Amino acid sequence: MSTTETIQDADASASISHGNSGDHQVPGPTHSDSWPPTEPASLIAAQLSSVRGRQLVAYRLVQIGTLLALIWKLPFLISGAKAYIELPIYQDFFSPLFSSAAVVIGTYLFVCIVIAFNWYCRQDRLRSKTAWLPVVGLSILCVHQGTYNDMTFTTAWWAMVWSAWFAGRIDESDTHLIERGAKLTRTILSVILLGGAVGKWTAEYWSGQVLYEIYFVDRDFWIYNWIRESFSPDTVREIATWYSRKVIIVETAVGLTLWAMPSRIAAAVGLAVYASIAIFSNYYLFSVLLSLIALAAVGFLVPRDAPSSEPATEPIRPDASPA
Amino acid sequence: MDSQPSLAKPDWLYRVILAVLVGVAVWLIAMPFSPLVQQTTLNRFHLQTESFAAWAIQAPIPAMYSFHNRYRIEAMPWDASPFATPRTGTLNHFPVRITTFATDRLYLKQTDRRLITLRSDYRGRSLTTQWIATPHQDCGFVLTDEVLP
């Protein structure tokens with residue numbers, strides 16, 4: 001590992017491009033009278049001015065998004081934890097390990113703490129190893145009796161798989177990493193949307209019956225309350241039909257195409273679609289979607305004057321600087 | 001020797017993750033047409049997969065708001081009041097969660113909510129399972145299930 005890789009803090013990340021001895025020539029940060037930066041905005045600008053700084057912003061964005069997703073409905077999860085302790089449920093399908101209240105609570109806390117640590121961590125080598133720990137923890141939560149059905153952990157799992165891959169490659173000399181990272185996030189977001197769309201390719205969803213029963217009948221949420229108060233029951237039922245068809249069409253169209261869109265357009269589309277799902281369905285869904293929103297935002301970090309996308313389709317992992 | 005030092009190597013992890021994503025996408029797109037995929041996913045939703053490992057490996061496959069999942073909750077026949085009527089409703093996904101997830105499981109303490117029938121439908125294929133909650137000797141409940149025809 002070169003000495004540049006051991007320089008970890010945000011300020012240093014902007015200055016290491018001067019010390020980069022690899023073959024890749026990268027522009028250095030703009031030093032001004034305000035250097036070193038003290039304002040948050042100038043700190044972020046300084047980070048974005050270097051390849052590695054931009055990579056770190058992307059990585060930390062996904063960590064904070066996923067952490068927020070996991071703690072978004074904390075009061076509900078605390079109530080759930082109390083229920084798991086008070087009323088264990090014994091099923092042949094789940095072994096004691098995967099139905100234990102201690103396991104689900106301990107693993108959840110462990111995952112949150114490690115993600116917070118990874119967000120803060122300034123050592124590349126350490127981060128590249130600890131980035132795998134949330135994947136392990138979330139793998140347990142994805143198959144635990146108490147959490148397997150909560151898509152919060154499925155989307156967080158994908159975000160942490162991306163993070164584990166990305167963390168091991170943060171390097172000033174890899175000018176294409178952010179493009180490959182954005183491409184991978186687009187593909188993850190596409191597949192997750194497609195998963196929701198395919199399950200709705202049914203007559204019951206196309207008619208609106210399923211979402212009518214779940215949301216429009218009695219769900220206490222601003223848009224459904226407003227629709228019930230403003231329209232007759234027959235009209236509400238008809239609105240449910242068109243709402244459901246809109247969901248199916250958007251999830252299908254975006255799920256099939258997002259992966260192929262240019263980075264910044266995909267980021268904007270992904271943000272809009274995922275945020276709208278929660279805003280127009282259920283605020284609790286932000287626990288599922290914040291990690292995906294953060295993944296989508298990575299696309300905004302691809303430089304406008306990014307080099308040809310060819311290397312992003314032929315991933316090359318740079319070795320350490322040649323001796 | 002005139003050999004050049006290797007400066008770069010393929011990013012295999014990147015390729016593996018992309019391959020898994022492509023595999024998941026193919027699986028999903030096959031769902032409307034493949035009885036195998038449909039039945040496998042119905043079994044996944046109702047915890048009827050043959051082994052826990054085969055069920056667990058499907059965890060990365062996203063399944064938000066999928067299928068028409070309905071439930072009916074009622075008392076066991078010997079607890080039933082003549083005035084009690086079953087509660088029915090619709091669930092977004094993984095319908096068995098109505099007996100296990102978070103505070104939902106607390107409803108099992110009520111004697112009129114211990115017989116749960118779940119049905120999922122997808123493009124003409126369906127799966128119905130019945131779940132019985134029996135008090136455990138220490139605390140909590142034992143949950144047993146069977147597939148209904």
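Residues numbered from 1 in each chain as written. Chains lettered and ligands numbered in written order. Predicted model: local features only at pLDDT ≥ 70, side-chain atom pairs only at ≥ 80, totals over all residues. Heavy atoms only, no water.

Engineer: Would you explain the overall build of chain A in this entry?
Structural biologist: Helix and strand content of chain A: 16 helices and two strands. Across the 323 residues in chain A, those meeting the buried criterion constitute 56%. Put simply, of all contacts in chain A between residues at least 6 apart along the chain, 73% involve residues at least 24 apart. (Helix = DSSP H or I, 4+ residues; strand = E, 2+ residues; numbered from the N terminus. Buried < 20%, exposed > 50% of the residue type's maximum accessible area, 1.4 Å probe, protein only. Contact = heavy atoms within 4.5 Å.)

Engineer: Is there a simple way to think about the overall build of chain B in this case?
Structural biologist: Within chain B, the secondary structure is distributed over four helices and six strands. Reading chain B from its N end, one meets helices and strands in the order β-α-α-α-β-β-α-β-β-β. Taking 15 Å as the expected radius of gyration for a compact globule of 149 residues, we find that chain B reaches 22 Å, considerably beyond that expectation. Projected onto the principal axes, the alpha-carbon positions of chain B cover approximately 90 × 40 × 25 Å. Sequence-distant contacts, at least 24 apart, represent 50% of the contacts inside chain B between residues at least 6 apart. With an accessible surface of roughly 7500 Å², chain B has 59% of that area assigned to carbon and sulfur atoms. Both charge centroids of chain B, one from 14 positive and one from 11 negative side chains, sit 6 Å from each other. (Rg over C-alpha atoms; globule rule 2.2 N^0.38 Å. Areas by Shrake-Rupley, 256 points an atom, 1.4 Å probe, with all protein chains shown as cover. Lys, Arg positive; Asp, Glu negative; His and termini not counted. Charge placed at Lys NZ, Arg CZ, Asp CG, Glu CD.)

Engineer: I would appreciate a short explanation of the nonpolar core in the present structure.
Structural biologist: Among soluble globular proteins, nonpolar side chains are generally buried collectively. Grouped together as the largest cluster of nonpolar side chains are 125 residues, with contacts concentrated most on Leu70(A), Leu138(A), Trp162(A), Phe166(A) and Leu184(A). With 13 residues, the single largest contributor to this core is helix 8 (residues 151-167) of chain A. Each of domain 1 (40-174) and domain 2 (176-306) of chain A gives at least three residues to this core. In this view, Leu184(A) contacts Trp162(A), Trp165(A), Tyr14(B), Ile17(B), Leu18(B) and Leu21(B); residues no more than four positions away in its chain are not counted. (Core = buried A, V, L, I, M, F, W, Y, C linked by side-chain atoms within 4.5 Å. Domains from an automatic or database assignment.)

Engineer: Can you walk me through a nonpolar patch on the surface in this structure?
Structural biologist: All names here are of chain A. On the surface, Ile64, Leu68, Ile71, Leu74, Ile78, Trp119 and Tyr120 cluster together into a nonpolar patch covering about 610 Å² of accessible area. Contributing elements (two or more residues each) for the nonpolar patch: helix 3 (51-71), helix 4 (74-86) and helix 5 (101-120). For the nonpolar patch, the leading source of residues is helix 3, giving three residues. By the secondary structure assignment, Leu68 is in helix 3. (Patch = residues over 30% accessible without salt bridge, like charges linked within 9 Å, V, L, I, M, F, W, Y side chains within 5 Å. Salt bridge = Lys/Arg side-chain N within 4 Å of Asp/Glu carboxyl O.)

Engineer: Is there a simple way to think about the pairing of strand 6 (residues 141-148) of chain B in this case?
Structural biologist: Walk down a regular strand and you will see the side chains alternate between the two sheet faces. Two elements, strand 1 (residues 89-90) of chain A and strand 6 of chain B, share two bridges in a ladder whose sense is parallel. Directly across from Tyr90(A), in strand 6 of chain B, lies its bridge partner Val142(B). Where strand 5 (residues 125-135) of chain B meets strand 6 of chain B, eight bridges bridge the pair, whose relative direction is antiparallel. Across the sheet, the residue bridging to Trp131(B) is Asp145(B), located in strand 6 of chain B. Remark: five residues form the turn of the hairpin made by strand 5 of chain B and strand 6 of chain B, two consecutive strands paired antiparallel; Gly140(B) in that turn has positive phi of roughly 80°. (Pairing = 2+ DSSP bridges.)

Engineer: Just checking my understanding: could you explain the interface of chain B and chain A for this structure?
Structural biologist: Buried accessible area, meaning the area lost when the parts come together, often serves as the stated size of an interface. Taken together, the contacts link 59 residues of chain B with 64 residues of chain A. Together chain B and chain A conceal approximately 5800 Å² of surface at their shared face, both sides included; 70% is due to carbon and sulfur atoms. Counting across the interface, chain B meets chain A through three salt bridges. Taken together, chain B and chain A are joined by 20 residue pairs in polar contact (both at pLDDT 80 or more). Its residues placed into classes, the side of chain B that touches chain A shows 39 nonpolar, twelve polar and eight charged. (Buried area = accessible area lost by both parts, 1.4 Å probe. Polar contact = N/O pair within 3.5 Å; in protein donor to acceptor, adjacent residues only side chain to side chain. Nonpolar A, V, L, I, M, F, W, Y, C, P; charged D, E, K, R; others polar.)

Engineer: I keep staring at the domain arrangement of chain A and nothing clicks. Help me out?
Structural biologist: Residues and elements named next belong to chain A. Entries for chain A in the domain assignment read domain 1 (40-174) and domain 2 (176-306). Here the C-alpha centre of domain 2 lies 22 Å away from the C-alpha centre of domain 1. Every contact between the two is made by 27 residues of domain 1 and, on the other side, 24 residues of domain 2. Taken together, the links from domain 1 to domain 2 amount to one salt bridge. Between Asp174 and Arg180 there is a salt bridge, with the nearest N and O atoms lying 3.3 Å from each other. Where domain 1 touches domain 2, the interface holds nine residue pairs in polar contact (both at pLDDT 80 or more). Those elements giving two or more residues to the side of domain 1 that touches domain 2 turn out to be helix 3 and helix 8. The greatest single-element share of the side of domain 1 that touches domain 2, amounting to ten residues, is contributed by helix 3.

Engineer: It is not clear to me how the pairing of strand 5 of chain B should be interpreted in this structure. Could you clarify?
Structural biologist: Residues and elements named next belong to chain B. Of the strand pairs in this sheet, strand 4 (residues 115-122) and strand 5 are connected by eight bridges, and their pairing is antiparallel. Following the sheet pairing, Ser120 is matched in strand 5 by Leu127. Hairpin connection of strand 4 to strand 5: two residues between the antiparallel strands, including Arg123 at a positive phi of 50°.

Engineer: Which parts of the structure should I look at to understand the confidence of the model for chain B?
Structural biologist: When pLDDT drops low, the exact placement of atoms in the prediction is not to be read closely. Residues and elements named next belong to chain B. Per-residue confidence for chain B gives a mean pLDDT of 92, with 95% of residues at or over 70. Under a pLDDT of 50 for its full length, residues 1-6 has, in the predicted model, one contact with residues more than four places off or in other chains. Both scores are given for the predicted complex: the pTM is 0.87, the ipTM 0.93. (pLDDT = per-residue confidence, 0-100.)

Engineer: For this particular structure, what's the right way to read the packing of helix 3 of chain A against helix 15 (residues 286-297) of chain A?
Structural biologist: Each pair of packed helices can be summarised by the angle the axes make with each other and by the distance between the axes. All names here are of chain A. Contact pair helix 3 / helix 15: the axes reach a minimum separation of 7 Å and the direction vectors enclose 170°. Judged by the inter-axis angle, helix 3 sits roughly antiparallel to helix 15. Contact residues: helix 3 offers Leu61, Val62, Gly65, Thr66, Leu68 and Ala69, while helix 15 offers Phe286, Ser287, Leu290, Ser291, Ala294, Leu295 and Ala297. Taken together, the residues of the contact of helix 3 with helix 15 sort by class into nine nonpolar, four polar and no charged. (Axes fitted to C-alpha atoms, helices over the stretch in contact; angles between N-to-C directions. Parallel < 35°, antiparallel > 145°, perpendicular 65-115°, else oblique.)

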